[in-house]
Amino acid sequence: MDAFLSPMILFFILGGLASVVRSDLFVPEAVSKAIALYLMAAIGLKGGVELSESGFSNHILSASLAGLALGLFLPIPAFLLTRWLGRLDRIQAGAIAAHYGSVSVVTFVTGMEAVKASGLVVDGFMVAVMALMEAPAILVGLWLARAGSERNSSAKNLIEAFTNGSVVLLIGSLIIGLTIGHEGFSTISPLFDGGYKGVLCLFLLDMGLTATRQLLRNRSLSTPLVFCAVAVALVNGFIGTVLGTIIGLTEGSTAVLGILAASASYIAAPAAIRLALPEADVSMPLTMSLAITFPFNILIGIPLIITLVHYLN
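Figured I'd write up the structure that's included with this text. (Residues numbered from 1 in each chain as written. Predicted model: local features only at pLDDT ≥ 70, side-chain atom pairs only at ≥ 80, totals over all residues. Heavy atoms only, no water.)

### Brief notes about the overall build of the protein chain
Check the secondary structure of the protein chain and you find 16 helices and zero strands. When each of the 313 residues of the protein chain is scored for burial, the buried share is 55%. In the protein chain, the proportion of contacts linking residues at least 24 apart, taken out of those at least 6 apart, comes to 87%. Carbon and sulfur atoms form 68% of the exposed surface of the protein chain, whose accessible area is close to 13300 Å². (Helix = DSSP H or I, 4+ residues; strand = E, 2+ residues; numbered from the N terminus. Buried < 20%, exposed > 50% of the residue type's maximum accessible area, 1.4 Å probe, protein only. Contact = heavy atoms within 4.5 Å. Areas by Shrake-Rupley, 256 points an atom, 1.4 Å probe, with all protein chains shown as cover.)

### What to know about helix 8 (residues 134-146)
Because an α-helix completes one turn every 3.6 residues, residues spaced three or four positions apart along the sequence face the same direction. Its 13 residues place the ends of helix 8 19 Å apart at the C-alpha level, agreeing with the 18 Å of an ideal helix rising 1.5 Å per residue. With twelve of 13 residues buried, helix 8 lies mostly within the body of the structure. Within the sequence span of helix 8, burial applies to Glu134, Ala135, Pro136, Ala137, Ile138, Leu139, Val140, Gly141, Leu142, Leu144, Ala145 and Arg146. (Expected span 1.5 Å × (residues − 1).)

### Some thoughts on the environment of Ser283
As for its placement among the helices and strands, Ser283 is situated in helix 16 (residues 283-312). For the pair Ser283 and Leu221, spaced 62 residues apart in sequence, the C-alpha to C-alpha distance is 9.6 Å. Within the structure, Ser283 has its side chain in polar contact with the side chain of Asp281 (distance 2.5 Å). (Polar contact = N/O pair within 3.5 Å; in protein donor to acceptor, adjacent residues only side chain to side chain.)

### Remarks on the pattern of salt bridges
Counted according to the given criterion, the structure contains three salt bridges. A salt bridge links Asp193 to Lys46; its shortest N-O distance comes to 4.0 Å. Separated by 147 residues along the polypeptide, Asp193 in helix 11 (residues 189-194) and Lys46 in helix 2 (residues 29-54) bring together distant segments of the chain. With a shortest N-O distance of 2.7 Å, Asp206 and Arg274 are connected by a salt bridge. Taken as a pair, Asp206 in helix 12 (residues 196-218) and Arg274 in helix 15 (residues 268-276) lie far apart in primary sequence, 68 residues in all. (Salt bridge = Lys/Arg side-chain N within 4 Å of Asp/Glu carboxyl O.)

### Considerations on helix 16
Under the 1.5 Å per step criterion, the end-to-end length of helix 16 is only 37 Å for 30 residues, more than 12% shorter than the ideal 44 Å. A maximum bend of about 55° is found in helix 16 at Asn297. Most of helix 16 is tucked away: 21 of the 30 residues are buried. (Bend = angle between axes of the 7 residues up to and from the residue.)

### Some thoughts on the layout of surface pockets
Taken as a whole, the second largest pocket spans an internal volume of roughly 200 Å³. Contributing to the lining of the second largest pocket are 13 residues, with Leu68, Ala135, Pro136, Ile171 and Leu174 lying nearest its centre. Of all elements in the fold, only helix 3 (58-73), helix 7 (126-132), helix 8 and helix 10 (165-186) reach the threshold of two or more residues within the lining of the second largest pocket. The dominant element in the lining of the second largest pocket, judged by the number of residues it contributes, is helix 10, at four residues. In terms of residue class, the lining of the second largest pocket is made up of 13 nonpolar, no polar and no charged. (1 Å grid on protein atoms, 1.4 Å probe; cavity = no way out; pocket = protein on both sides within 12 Å on 5 of 7 lines; lining within 4 Å. Points joined across faces, edges and corners; volume = space filled by probe spheres on them. Nonpolar A, V, L, I, M, F, W, Y, C, P; charged D, E, K, R; others polar.)

### A word on unusual backbone geometry
In this model, Arg22 sits at a positive phi of 60°, which is unusual for a non-glycine residue. For Arg22, the location among the structural elements is in the loop between helix 1 (7-20) and helix 2. One non-glycine residue with positive phi stands out, namely Arg87, at about 55°. Locating Arg87 in the fold gives a position in the loop between helix 4 (75-84) and helix 5 (90-101).

### Some thoughts on empty space enclosed by the protein
Within this structure, the stated rule accounts for one cavity of 30 Å³ or more. Computed from the structure, the largest cavity encloses a volume of approximately 30 Å³. Lining the largest cavity we find Gly44, Ala131, Ala135, Leu170, Ile171 and Leu174. A total of three residues in the lining of the largest cavity trace back to one element, the largest contributor, which is helix 10. Within the lining of the largest cavity, the residues separate by chemical class into five nonpolar, one polar and no charged.

### What to know about the packing of aromatic side chains
Under the defined criterion, the tally for this structure stands at one aromatic pair. Summarising the aromatic geometry, the rings of Tyr38 and Phe192 are spaced 5.6 Å apart at their centres and angled 5° between planes, so their arrangement reads as stacked. Taken together, the residues span a long stretch of sequence, with Tyr38 in helix 2 and Phe192 in helix 11 at a distance of 154 residues. Note on Tyr38: relative accessible area 13%, which makes it buried. Take Phe192: its relative accessible area is 15%, and that puts it in the buried class. Geometry around Tyr196 places Lys46 over its ring, the cationic atom sitting 3.5 Å from the centre. (Phe/Tyr/Trp six-rings, centres within 6.5 Å; stacked < 30°, edge-to-face > 60°. Lys NZ or Arg CZ within 6 Å of the ring centre and 35° of its normal.)

As structure tokens, this is what we get:
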């Protein structure tokens, strides 16, 4: 309930309600792009700082590699399922894949509290693992979206995915955060930390407006896509939990890895897709991730993952 009543979610709901009552409220395109750039930089910086503070050990290395592997693999089930069952084109399926390979910060925070409440201990470096899962998933989603393009070779599409502005910004900001550490970040934290949640509220207001208007206009979220939004969360969550168990993470960190895998981004991925795939309908994956997958995970998915961790151990 606390997650549902957070300011970010309430601003998303406000945007949706404004669209339902046909309000003329809107966020200018230039402002929307600026907000997206800010969010990508802030997420990367904070992830790098967390990683610099955690230090390096075998557990951190194995968890980081697992996070990177999940980021590279998890977009694929979402892509295949939405192509086959949802009958979407490659561009739209790739945009959805980027969202479902990436992670939800709010789901992560809620999951951490649920895992701790169950009596399990979570390692602090899982925050850095969360940050490491963002870029690979977005990269793979973009590559999947572009791989079938007749005008470009697969190699060229891969190069374009690596050099895409949003991916470069996210990875570059992560490296900068890792380099400057907490002390260096403190000089810019009033902007990138203090203002982050406020800017995020405006971003989700814009996303609520966009998602609801698109949904009302085209009714694009079909029953098969609703099924996909739940099925991908279950499949990805199972994969993440089993992987955490195999590599020897603690029960708490294993549960968090599973929760991260089950989540779907509605912050970093929409920002990246809006910049990188302007031809994609970003409201479709956003509505799937925030309106279906997020509440499903909060109410059902997280308890299932914690139960699975106890069973596997």
